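# Descriptive structure summary
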Amino acid sequence: MVETVTTPFWWRCTQFHHPRRWLPAVFITHKAIITALWIAFLVTLFWWQMDSTTTGILIFRRVFPARQLPSLRHVGFNLTDFGGVGDGVTVNTAAFEKAVLAISRKGGGQLNVPPGYWLTAPFNLTSHMTLFLAEGAVILGVDDEKYWPLMPPLPSYGYGREHRGPRYGSLIHGQNLKDVVITGHNGTINGQGQAWWKKFRQKLLNHTRGPLVQIMWSTDILISNITLQDSPFWTLHPYDCKNVTIRNVTILAPIAGAPNTDGIDPDSCEDVLIENCYISVGDDGIAIKSGWDQYGIAYGRPSKNILIRNLVIRSNVSAGVSIGSEMSGGVSNVTVENVLIWNSRRAVRIKTAPGRGGYVRDITYRNLTFENVRVGIVIKTDYNEHADERFDPKALPVLKDISYTSIHGEGVRVPVQIHGSKEIPVKNVTFRDMSVGLSYKKKHIFQCAFVQGRVIGTIFPAPCENLDLYDEQGHLIRRSDSQNATDIDYDI
């Protein structure tokens, strides 16, 4: 490179020159500096874009993958082309199966489901497929379990979640797929779960109920612009998948009397985006999982790189957003932001127990609103429900690096209940910018046990004594010497 400036700019500015000669030199030098800065900025921007395209976007030290847009399908089919009848009575399983087979033979395509009520038993999807539900289109699941095929238990659970042995498959199912889209003009997939819930309560089922939609061991999944309703069991269950996007989805089930109807359960999944959804169900709105006890430890597939944002959730019997309790493969790098949780038993919860193993770490909760919630923030380490008696009680999970920022609300009975234990302490928890209006006037409303962490700035209600106190500038005010103190009141 040729050096064009032989003396420093500051030295030349101190020397006397005729104004007409000095001013242009300053102007030219300033132009050169500004041009250099612009070039540096553009190079940096270009490099950042290249890096985000290939590896993800860095947001507050967390890497989330860039989303791939689905491919446009080169061929389309209508369900009626294969004998489908949308009268709510005719069983259309054969029509769905023929349509999916035709798409598979073409190497991909779109299946259009027109307005109507399309009763069907479970069917499978194929790769490079779009299932498109028109406005007014309703896929109805047959509510007689004899039409639902049995499948092997999930390997990370050891056996069916409710019964030993095989489990019922999902209404819409897929395995080992790539590039699958379920979308539409807000059409509906309805599992008609009422019969399943009644038989479950009466103990008339011999196998674990099936989800509404389950995609397993697959990549590049997009589910958008549809309504999922009345699942027999968990509603939407991506299992051991990568690059999953769920957006603009409405998920509904009765808030009582619809057992285990979780909304979205990413299970041993990587690179997941869930955004712009409304969820009102009979169990957890979202539950991030990664296997159960020794089976999850052996399977060894964590859930990681998950971004959840811009949601409204109601869960009258459980929590808005949960991690666990089946988290034995580990859960890390999760951000939950811009979420309203209303009329719920709990808002955000992490649940685990001795025997789970694994870890929950690098979890960020940001800009959450709680409205009429019994308990706002929960970490529970004694959720003692196990796959079988062969679990290892010495397999202790690790809980650390969890932050809560900009947490607000009203009508909350207990804002915080962090229940660590001597075996499973909760480490490096941070609270900042928290103000939650209370509905219950009692002293112990910020409850802690075996917790280490900090509060930055002033929060309401006043924190437990377990936490260090810092001012807004990050200067230590008081170091806690009571990290192992216990103040948990489950009677509230």
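Residues numbered from 1 in each chain as written. Predicted model: local features only at pLDDT ≥ 70, side-chain atom pairs only at ≥ 80, totals over all residues. Heavy atoms only, no water.

The test is simple: UniProt positions are given in the numbering used here, feature names are shortened, and annotations may be inferred rather than shown by experiment.
The protein chain has the name Polygalacturonase in an unreviewed UniProt entry, where Nicotiana attenuata is given as its organism. According to UniProt, the comment filed for the protein chain under the heading Sequence similarities (unreviewed entry) is "Belongs to the glycosyl hydrolase 28 family."

### Points about the overall build of the protein chain
Which entries qualify depends on this criterion: Only DSSP runs of H or I covering at least 4 residues are called helices, and only runs of E covering at least 2 are called strands; the numbering of each starts at the N terminus. To sort residues, take the accessible area from a 1.4 Å probe on protein chains only and compare it with the maximum for the residue type: under 20% means buried, over 50% means exposed, and anything in between is partly exposed. Whether two residues are in contact is decided by their heavy atoms: any pair within 4.5 Å suffices. Residue exposure ignores everything except the shown protein chains as possible cover, and the areas themselves are Shrake-Rupley values with a 1.4 Å probe.
Scanning the protein chain for helices and strands turns up five helices and 30 strands. Looking at the protein chain residue by residue over its 492 residues, the buried ones come to 53%. Considering only contacts in the protein chain between residues 6 or more positions apart, those separated by 24 or more positions represent 75%. Element-wise, carbon and sulfur atoms account for 56% of the exposed surface of the protein chain, whose accessible area totals about 22,200 Å².

### Looking at the nonpolar core
Note the threshold: In this description, a nonpolar core means a group of buried Ala, Val, Leu, Ile, Met, Phe, Trp, Tyr and Cys residues linked to one another through side-chain atoms lying within 4.5 Å. Domain limits in this description derive from either an automatic procedure or a database domain assignment.
Ranked by internal contacts, the top residues of the largest apolar core, which has 97 residues, are Ile189 and Phe431. Split by domain, this core shows at least three residues from each of two domains, domain 1 (67-232) and domain 2 (262-491). The residues contacting Phe431, other than those within four sequence positions of it, are Ile377, Tyr404, Val416, Ile418, Phe446, Arg454, Val455, Ile456, Ile459 and Leu467. Residues Leu154, Tyr157, Phe233 and Trp292 belong to the second largest nonpolar core, which totals 11 residues.

### Side note on the side chain of Ser170
Just so we agree on the cut-off: We define a polar contact as two N or O atoms separated by no more than 3.5 Å, with the added condition that, inside protein, one atom must be a possible hydrogen donor and the other a possible acceptor, whereas residues neighbouring each other in sequence contribute only through side-chain atom pairs.
Mapped onto the secondary structure, Ser170 falls in the loop between β11 (167-168) and β12 (172-175). At 2.9 Å, the side chain of Ser170 and the backbone oxygen of Ile172 are in polar contact. Among the polar contacts listed, one links the side chain of Ser170 to the side chain of His173, at a separation of 3.0 Å. What Ser170 contacts, discounting residues up to four positions off in sequence, is Pro122, Trp148, Pro211, Leu212, Val213 and Gln214.

### Concerning the packing of aromatic side chains
Given two aromatic rings, one states the distance between the centres and the angle between the planes to describe the pair. Rules: Each aromatic pair joins two rings of Phe, Tyr and Trp (for Trp, the six-membered one) with centres within 6.5 Å, and gets the label stacked for planes under 30 degrees apart, edge-to-face for over 60, and tilted for any other angle. For a Lys NZ or an Arg CZ to count as sitting over a ring, it must be within 6 Å of the ring centre and within 35 degrees of the ring normal.
By the definition in use, this model includes 12 aromatic pairs. An aromatic cluster of three or more residues is present, and its members are Tyr157, Phe233, Trp234 and Trp292. The lysine or arginine in question, Arg161, covers the ring of Trp292, its NZ or CZ lying 4.0 Å from the ring centre. Directly above the aromatic system of Tyr359 lies the positively charged group of Arg361, at a separation of 3.8 Å from the ring centroid.

### Digging into the confidence of the model for the protein chain
Counted only if it meets this: Confidence of the predictor at the level of single residues is captured by pLDDT, which takes values from 0 to 100.
Mean pLDDT over the protein chain works out to 88, with 85% of the residues at or above the 70 mark. Note that residues 1-31 has pLDDT below 50 and, in this model, 12 contacts with residues that lie over four places away or in other chains. Across residues 41-61 the pLDDT falls below 50, and counting only partners more than four positions away or on other chains, this stretch makes 16 contacts in the model.

### Comments concerning the state of the cysteines
What counts, and what does not: Cysteine sulfur pairs qualify as disulfides if the two atoms are within 2.5 Å.
Taken as a whole and assessed by the stated rule, the structure comprises one disulfide. Two residues share a disulfide in this structure: Cys448 and Cys464, whose sulfurs sit 2.0 Å from each other. A torsion of -75° about the S-S bond marks the disulfide between Cys448 and Cys464 as left-handed. Pair noted here: Cys448 is in strand β27 (residues 446-449) and Cys464 is in the loop between β28 (451-456) and β29 (468-470), with a separation of 16 residues, a long-range link. Of the two residues examined, Cys448 and Cys464, each falls in the buried class. For the unlinked cysteine Cys241, the closest cysteine sulfur is that of Cys269, found at 4.8 Å.

### Re the pattern of salt bridges
Cut-off, in case you're wondering: What makes a salt bridge here is a side-chain nitrogen of Lys or Arg within 4 Å of a carboxyl oxygen of Asp or Glu, nothing more.
Across all of its chains, the model carries 20 salt bridges by this definition. Of the charged contacts in the structure, one is a salt bridge between Glu337 and Arg366, with a shortest N-O distance of 2.7 Å. Residue Glu337 is found in strand β23 (residues 331-351), and its partner Arg366 is found in strand β24 (residues 359-380); the two are separated by 29 residues along the sequence. Linking Arg432 and Glu472 is a salt bridge whose minimum nitrogen-to-oxygen distance equals 3.5 Å.

### With respect to empty space enclosed by the protein
What counts here: Cavities and pockets were defined on a 1 Å grid built from protein atoms only: a cavity is a group of points that admits a 1.4 Å probe but offers it no way out, a pocket is an open group of points flanked by protein on both sides within 12 Å along at least five of seven lines, and a lining residue is one with an atom within 4 Å of any such point. Grid points are joined across faces, edges and corners, and a volume is the space filled by probe spheres set on the points. Three classes are used: nonpolar for Ala, Val, Leu, Ile, Met, Phe, Trp, Tyr, Cys and Pro, charged for Asp, Glu, Lys and Arg, and polar for all others, with Gly counted as polar.
Overall, the coordinates contain one cavity of 30 Å³ or more when judged by the stated rule. The volume enclosed by the largest cavity comes to roughly 100 Å³. In terms of lining, the largest cavity is formed by 15 residues, of which the most central are Leu154, Arg161, Arg167, Thr208 and Phe233. Residue composition of the lining of the largest cavity, by class: seven nonpolar, five polar and three charged.

### Some thoughts on unusual backbone geometry
In the segment running from Gly324 into Ser325, the intervening peptide bond is cis, with an omega of 5°. The topology assignment puts Ser325 in the loop between β22 (319-323) and β23. For the bond running from Phe460 to Pro461, omega is 0°, close enough to zero to count as cis. Notably, Asn372 is not glycine yet its phi reads approximately 55°, a positive angle. Positive phi, normally seen in glycine, also occurs at Asp433, with a value near 55°. Residue placement: Asp433 occurs in strand β26 (residues 426-438). For Asp433, a relative accessible area of 36% puts it in the partly exposed group.

### Quick notes on helix α3 (residues 93-105)
In an α-helix there are 3.6 residues to a turn, and that puts residues three or four apart on one side. What counts, and what does not: The span you would expect from a helix comes to 1.5 Å times its residue count less one.
Taking 1.5 Å per residue, 13 residues should reach 18 Å; α3 reaches 19 Å between its end C-alpha atoms and fits that length. Taken together, the buried positions of α3 are occupied by Thr93, Ala95, Phe96, Ala99, Val100, Ala102 and Ile103.

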